[in-house]
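# Residue-level structure breakdown
One letter stands for each residue in the lines below.
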Amino acid sequence: MTGLTLRCMRISRKTSANTHFEEWWFKTFYNNYGIRGFYLNSVDLKWNEARGHYDFGEIQWDEFYEVIKGNGPCNQERVATRRKAIEDGAWVREAAVAYARKQQNKNAA
């Protein structure tokens, strides 16, 4: 990496265009999804042999905003998993509070 690139990264300056990032992402990750049994739902997604990149269509904004609002296909499962993790971790938080009180009382005496 060049010094300029490192300085840009340090100040969070954008160093490449979104299309460059999208192409990099698809080349890096998309082929691995099929190997792991995941598939991206895009009719327009096709490999462009001439360019050596994937071509993809427009973003489905209605679907995107529904997912953002919490109406996505995995939202209920995600929320249930998060609630379970919070409940399962309650004993750790309670133990930490009890230990802190014990240390506070010990230091006060």
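One structure accompanies this document, and this report is about it. (Residues numbered from 1 in each chain as written. Predicted model: local features only at pLDDT ≥ 70, side-chain atom pairs only at ≥ 80, totals over all residues. Heavy atoms only, no water.)

Right, let's get into the overall build of the protein. Helix and strand counts for the protein stand at five helices and two strands. The order of helices and strands in the protein, counted from the N terminus, is α-α-β-β-α-α-α. Expressed as a percentage of its 109 residues, the buried residues of the protein come to 10%. Restricting the contact set of the protein to residue pairs at least 6 apart, pairs at least 24 apart contribute 24%. (Helix = DSSP H or I, 4+ residues; strand = E, 2+ residues; numbered from the N terminus. Buried < 20%, exposed > 50% of the residue type's maximum accessible area, 1.4 Å probe, protein only. Contact = heavy atoms within 4.5 Å.)

Attention shifts here to the pattern of salt bridges. As enumerated under the stated definition, the model contains two salt bridges in all. Taking the shortest distance from any N to any O, the salt bridge between E66 and K69 comes out at 3.6 Å. Taken together, the positions of E66 and K69, both in helix 3 (residues 61-71) and three residues apart, correspond to about one turn of that helix. Under the relative-accessibility criterion, K69 is labelled exposed at 61%. In this structure, the salt-bridge partner of K84 is D88, at a minimum N-O distance of 2.6 Å. Taken together, the residues K84 and D88, both in helix 4 (residues 75-88) and four residues apart, mark about one turn of the helix. (Salt bridge = Lys/Arg side-chain N within 4 Å of Asp/Glu carboxyl O.)

The next thing to look at is the packing of aromatic side chains. A complete count under the given rule lists three aromatic pairs for this structure. When the centroid spacing of 5.4 Å and the interplanar angle of 85 degrees are considered together, the rings of W61 and F64 count as edge-to-face. Of the two residues, W61 and F64 are both situated in helix 3; the distance of three residues between them amounts to about one turn of the helix. Overall, W61 belongs to the partly exposed group, its relative accessible area being 42%. By way of ring pairs, the aromatic residues W61, F64 and Y65 are connected into one cluster. (Phe/Tyr/Trp six-rings, centres within 6.5 Å; stacked < 30°, edge-to-face > 60°.)

Geometric values such as these leave the question of function open.
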